[in-house]
Structure formats: structure tokens, C-alpha cells
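Understanding the architecture of this molecule
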Amino acid sequence: MSKREKVVKGAIGELRFISELCDFCGCCVAVCPVDCIELEESRLTLDMNSCIYCGNCPKACPVGALVGDAA
Amino acid sequence: MIRDSYDVIVVGGGPGGAVSAWFAARGGASVLLLEKDRDIGIPVRCAEAIGQGGLQGILEPDPHFIAHEINSLRFIAPDGTRIDIQQTDEVGYMLNRRIFDQELGRKAASAGAQIITHAYVSGLIKNSDSIRGVKVRFPAAEKEIRAKIVIGADGVESRVGRWAGLRTFYAPKDLESCYQVVLGGITVDKNLISLYFGNEVAPGGYAWVFPKGDDIANVGIGVSAAMIDGINAKKHLDQFIERHFPKASILACVSGGVPSAKPFKKIHGSGIMLVGDAAAHASPLTGGGISNAIAAGRLAGEIAAKCIADGSWNEKDLSVYTRMWDKRWGDNQRRLYRLKETVFKLSDDVFNKAAAVLVSIPTEERSIKKIIATTLKNNPKILLELARTFF
Ligand SMILES: Cc1cc2nc3c(=O)[nH]c(=O)nc-3n(C[C@H](O)[C@H](O)[C@H](O)COP(=O)(O)OP(=O)(O)OC[C@H]3O[C@@H](n4cnc5c(N)ncnc54)[C@H](O)[C@@H]3O)c2cc1C
Ligand code: SF4
Ligand code: SF4
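Here's a quick rundown of the structure. (Residues numbered from 1 in each chain as written. Chains lettered and ligands numbered in written order. Predicted model: local features only at pLDDT ≥ 70, side-chain atom pairs only at ≥ 80, totals over all residues. Heavy atoms only, no water.)

Here the focus is helix α1 (residues 15–26) of chain B. Residue and element names in this part refer to chain B. For α1, spanning 12 residues, the distance from its first C-alpha to its last is 16 Å, which sits close to the expected 16 Å at 1.5 Å a residue. Here α1 lies mainly inside the structure; 11 of its 12 residues are buried. Among the residues making up α1, those that are buried are P15, G16, G17, A18, V19, S20, A21, W22, F23, A24 and A25. Here the buried face of α1 lies against β1 (5–11), β2 (31–34), α2 (97–110), β11 (141–152) and α5 (290–310). Looking one or two places after α1, you find G28, whose phi comes out positive at around 105°. (Helix = DSSP H or I, 4+ residues; strand = E, 2+ residues; numbered from the N terminus. Expected span 1.5 Å × (residues − 1). Buried < 20%, exposed > 50% of the residue type's maximum accessible area, 1.4 Å probe, protein only. Contact = heavy atoms within 4.5 Å.)

Residues and elements named next belong to chain B. Two elements in contact, α1 and α2, have axes separated by 7 Å at closest approach and are oriented at 20°. For the element pair α1 / α2, the angle class is roughly parallel. Where α1 crosses over α2, the two elements pack in a sense that is left-handed. Of the residues in α2, those in contact with P15, A18, V19, A21 and W22 of α1 are R97, D101, L104, G105, K107 and A108. Split by residue class, the contact of α1 with α2 holds seven nonpolar, one polar and three charged. (Axes fitted to C-alpha atoms, helices over the stretch in contact; angles between N-to-C directions. Parallel < 35°, antiparallel > 145°, perpendicular 65-115°, else oblique. Left-handed = near helix turned anticlockwise from the far one by under 90°. Nonpolar A, V, L, I, M, F, W, Y, C, P; charged D, E, K, R; others polar.)

Residues and elements named next belong to chain B. For E48, the location among the structural elements is in the loop between β2 and β3 (49–51). On the basis of relative accessible area, E48 is assigned to the buried category, the value being 5%. A distance of 2.9 Å separates polar atoms of two side chains, one belonging to E48 and the other to N218. Once residues lying within four places of it in the same chain are set aside, the contact partners of E48 are Y93, M94, L95, N96, R97, K212 and N218. (Polar contact = N/O pair within 3.5 Å; in protein donor to acceptor, adjacent residues only side chain to side chain.)

Since one α-helical turn is 3.6 residues long, residues separated by three or four positions face the same way. Residue and element names in this part refer to chain B. A rise of 1.5 Å per residue sets the reference length of helix α7 (residues 348–359), with its 12 residues, at 16 Å; its end C-alpha atoms lie 16 Å apart and thus fit the reference within 8%. Those residues of α7 that fall on the buried side of the exposure criterion are F351, N352, A354, A355 and L358. Along α7, the residues classed as buried sweep out an arc of 165° about the axis, all on the same side. (Arc of directions from axis to C-beta.)

What follows covers the interface of chain A and chain B. Of the residues lining the interface, 28 residues belong to chain A; the matching set on chain B comes to 32 residues. Across the chain A to chain B interface the summed buried area is about 2600 Å²; carbon plus sulfur atoms make up 51%. At the boundary of chain A with chain B, the tally comes to six salt bridges. Of the charged contacts in the structure, one is a salt bridge between R45(B) and D23(A), with a shortest N-O distance of 3.1 Å. Where chain A meets chain B, there are 15 residue pairs in polar contact (both at pLDDT 80 or more). For the side of chain A that touches chain B, the per-class residue count stands at 16 nonpolar, four polar and eight charged. (Buried area = accessible area lost by both parts, 1.4 Å probe. Salt bridge = Lys/Arg side-chain N within 4 Å of Asp/Glu carboxyl O.)

On to the environment of G184(B), then. All names here are of chain B. Along the polypeptide, G184 turns up in strand β12 (residues 175–184). As a C-alpha pair, G184 and A280 span 96 residues in sequence and 32 Å in three-dimensional space. Setting aside chain neighbours within four positions, we find G184 in contact with D215, A248, S249 and L251.

Attention now moves to the site of ligand 2. Taken together, 14 residues lie around ligand 2, and C22(A), C25(A), G26(A), C28(A) and C61(A) are the ones closest in. Of the residues contributing to the shell around ligand 2, the split by class is 12 nonpolar, one polar and one charged. (Near = heavy atom within 4 Å.)

Residue and element names in this part refer to chain B. Using the criterion set out here, one finds 26 salt bridges over all chains in the structure. Residues K148 and D7 are paired through a salt bridge, measuring 2.8 Å at the closest nitrogen-oxygen approach. With a gap of 141 residues between them, K148 in strand β11 and D7 in strand β1 connect regions that are remote in the sequence. Classification of K148 by relative accessible area gives partly exposed; the value is 32%. On the basis of relative accessibility, which here comes to 12%, the residue D7 falls in the buried class.

It is worth spelling out the side chain of K173(B) at this point. Residues and elements named next belong to chain B. With respect to the helices and strands, the residue K173 is situated in the loop between α3 (160–163) and β12. Given a relative accessible area of 13%, K173 falls into the buried group. A distance of 2.9 Å separates a polar atom in the side chain of K173 from a polar atom in the side chain of Y337.

Attention now moves to the site of ligand 3. Surveying the vicinity of ligand 3 reveals 13 residues, the closest of which are C32(A), C51(A), I52(A), C54(A) and C57(A). For the shell around ligand 3, a count of residues per class yields 11 nonpolar, two polar and no charged.

All names here are of chain B. Secondary-structure assignment places I290 in helix α5. When the C-alpha positions of I290 and V156 are compared, they lie 12 Å apart, and in sequence the two are 134 residues distant. Setting aside anything within four residues of it in sequence, one finds I290 in contact with P15, C46, A49, I50, L95, R97 and F100.

What follows deals with the pairing of strand β9 (residues 120–127) of chain B. Residue and element names in this part refer to chain B. Along β9, six of the eight residues are buried, which leaves the element largely enclosed by surrounding structure. Relative to strand β10 (residues 130–138), β9 runs antiparallel, the two being bridged by seven bridges. Counted as the bridge partner of N127 is S130 from β10. In this antiparallel pair of consecutive strands, β9 and β10, the connection spans two residues, and S128 shows a positive phi of 45°. (Pairing = 2+ DSSP bridges.)

Let's shift gears to the environment of L358(B). You can see L358(B) is positioned in helix α7. As for L358(B) and R82(B), which are separated by 276 residues in sequence, their C-alpha atoms are 9.4 Å apart.

Residues and elements named next belong to chain B. Counting buried residues along β1, six of its seven residues qualify, which places the element largely inside the surrounding structure. Summarising the sheet, β1 and β11 pair through six bridges and their orientation is parallel. Paired with I9 across the two strands is V150, which belongs to β11. The sheet contact formed by β1 and β2 spans four bridges and is parallel.

This is the structure we're talking about:
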């Protein structure tokens, strides 16, 4: 990872998961630096105790099922 | 019946996993493959194009899983300039991946591997610093199953590598966030695949039209996850379809991710190897990853079988995997990564100018080799390299 793209803790203030939109593709899992997303066949579970609000997963989600609100 | 222990457990039933299981079983190991979804091959998160070479030594081309051949390629520059390239030396295929993936699973099963679907691997069993098996969640039960070697072929969403302590997560700039639909009610040349570039069309990526017949195509878009600014892949694709296929029907839709990363430093550990998208094996430039996953799967499967036969599978024994992978494919992947960094940073203006030079070459002379010779002096090398890497 380049310096420019350092993981920033607390880049977002809130993380919302809109389950109806989720297509279980795993983009969010791929970019989560703390591995706090679990993806089964048709169930996604976020471990909000481990989430550092870095804002990576809302960027990666192709359908807007994860939304980061302003810090 | 599921046993309590196997020589090799493969996590993930995509092409990488199936081929790993196949070659490990063929080499005499007892193998279990676990896939979280109900079906091998479904859903199809893929545009389904593969170069001819990708099947070599694996499957004979068969109409059962090949829709048709691809013999030409069209690049569409941001200003709409089209550059068509006829492929004469090497063709590609449009696969039916549902059937193709199942065919690979069938090969693995015939070689003696046991395959279980609807089996989610939720963690690894570790013992000091070595991997000893996996924890599995079935629809109505959980179980720990031991293995001497675990092969992580769990795709872009891989967690197996991280559980094993390998550094495998993707920075947003190294992940293409994709959305794809199957479009019906269109008219296309089925042997021609088209790629659309431009910062408005697909920032840090491209849009594709890969026909599955004269009136049907996989139409999708990949955008760099680092460059999404309020407009996600699905919205970009909606705009693209509105512009190019306003009357089409959407027969299926799917989201997905493609790694576009530099090779990981280490794709093995004591009792573990990673294969395919789980190991960033897809082409960082094109996102094509089927043949790469197959090739790596074969290597990992063969090494696993040999280590089992020799009675030792520690970190040092398996380091041959990272080493051989890097020797065969590492330099090329690093080259493609550098190319990606350049291509996807080009301004639309530079892209359009390069396209204008290329399009001035007569179509019949526009074989990849000729183009390269003719345009080296004009130096829009990037598009050429780009063209060459798609097959
Ligand atoms: C939209 C899109 C278009 C593409 N188009 C092309 C193309 O035209 N040509 C090309 O060559 N490549 C293409 N690719 C890339 C290609 O699909 C992948 O590179 C290829 O499928 C990688 O194979 P794999 O076996 O490594 O992983 P996958 O095929 O992703 O298989 C991984 C499997 O592991 C399973 N799994 C994950 N986690 C677990 C777990 N914890 N427990 C059990 N099972 C698990 C998943 O369900 C999945 O079945 C495309 C990708 C996308 C997203
Ligand atoms: S990236 Fe979005 S659509 Fe894909 S699994 Fe995560 S939340 Fe669901
Ligand atoms: S914001 Fe998303 S990617 Fe970042 S830590 Fe939380 S869940 Fe993981």
C-alpha cells in the first residue's frame, strides 16, 4: 500500500449496512484492514466492536450497501 | 461421510480450488473441498472470457462449456474512437462458467477429492505456528476437520490467508469494484469483445461488452475502489447501459470484486498455500483471473501431493510454491501492475490522442504485431501493450 493510502482510523463517523442492497460479493471483505466482516452465502455480519471506521468498505461496495457517514 | 481428517483441505470451489483439489487428489492425497455456496459455479461473478492457452493441459475445448470463440477485440477511447484488432494467432473463448466450474469440480471428484457445498469455513485450527485444519459451519452443524495442508482458494473475499497470518488484504486502489448484467434484446457481433475506457465511463477501470450470442452479452464495469466518489459501479453501469443499450432487457445482474494488485510477498506458510484471487493472481491490468487461478491451482495441488508423499509440509517445504509461482508469473504480474498504474492514470485527452494514431493504421494491418511495429516510432506504446495483454 502506498503512503497516500494509509488506513485512516475514524475516516468515517458511522457505518451503515443496508442489507436489502447487498449482493454478497465480498468486495468489502477484501478491503477491510481489520477483517471484521464475515460473508456467508447470503448473510453478511459486521463486527462493529472491531471496526475502525476506516471507510474502505463503503468505497469498495459496488451497490452502495455499505454507507460511511461523515466523521 | 465426512471424515475427521484429510491430507489436504481446499477452501473454495472456484476454478482455483477445484483444480487444486483435482491435482492434489491425482497425486495420491486424500482431499476435501469445502464451498460455502450451495452450488459449484453459481452465482457467475464473471464476464466469462478466457484465452485459448488457459485451458491447455486442463480441459479439451468443448461446446458444453464454451459458448463460442472470440477473434477480435475493440477498444473504445473516451471520445468514441474505435480501434478494432483482429486476432489471428490466438483466439479466446466465451465460457459458460456455470458449466465450466462444474466441469472442473467433476474432474476433482473423479480424481478422488470429496466435495461438499453449503459448507462455510469460519476459521483455522492452529497449533503453535502451523495450520492443522479448519472450522466449518454447515447449515445445521459445526465441525472441526483436521488437515495436513490447507489450500485457501476462497476468492477475492479470502480470509484464510489472514487467519494464517499472511498479509493478503487489498488496498482500495488495488481492488476493482464491479457490477455486471446479462443484457438481452441487443444486437452484437458475437465474436467481438469491446472495452470502453475513460474517466467518466469507468474511473480507474473499464466497461466491457462480452457477447454470449448475437443478441445477448455480459455487460459490466469495473471501477477502482479508491476512485469511487459517490458514484458506485452499479450507477456507472446504469449510465453506460442508458447510453449504449437503452432498449435492452436485463436478464441477470451481479456485483463482484477483482484484485488488481502486485503479487503478495508470500503465498504459503507452514501447512498452507493460497491460490487464485485469494492470492492476487488475477491480472492487475485486465482483471482476467480464471486461467491464472487454474495454473496456480495446479501448481499448489501438485506440490501438496508431493509434500504429503514425502511426509513433510512445513514452511520450508511449501516455500517452493511461492518461489515457483514467482519464477513463472511474478515478473509478468509486476509488469502488468506497472502498466495498470500508468494506463488508468492517463487523462482522457492522452488516451484519445493515442487512439487517433492507432486508428490511422489500416484495419487489415491491425494485427497486434503489425501495430507494434508501425507505431513504435509514434510511441503510443501503452495502448499496444494494453491490446497485447488482453489475450
Ligand atoms: C464482474 C467480473 C468479471 C470478470 N470477468 C472475467 C473474465 O472475463 N475473464 C477472466 O479470466 N476472469 C474474470 N474475472 C475474474 C475471475 O472471475 C476470477 O479471477 C476467478 O473466478 C478466480 O477464481 P478463484 O478460484 O481464485 O476464485 P473464485 O472463483 O472467486 O472462487 C472462490 C470460491 O470460494 C468460496 N468461498 C469464499 N470464502 C469461503 C469460505 N470461507 N468457506 C468456503 N468457501 C468459500 C466462494 O463462494 C467461491 O465459490 C471477473 C471477475 C468479476 C468480478
Ligand atoms: S461489497 Fe457491498 S454488496 Fe458486496 S458483500 Fe459487501 S456490502 Fe454486500
Ligand atoms: S469501515 Fe469497513 S473496512 Fe473499515 S474497518 Fe470498518 S468494516 Fe472494516
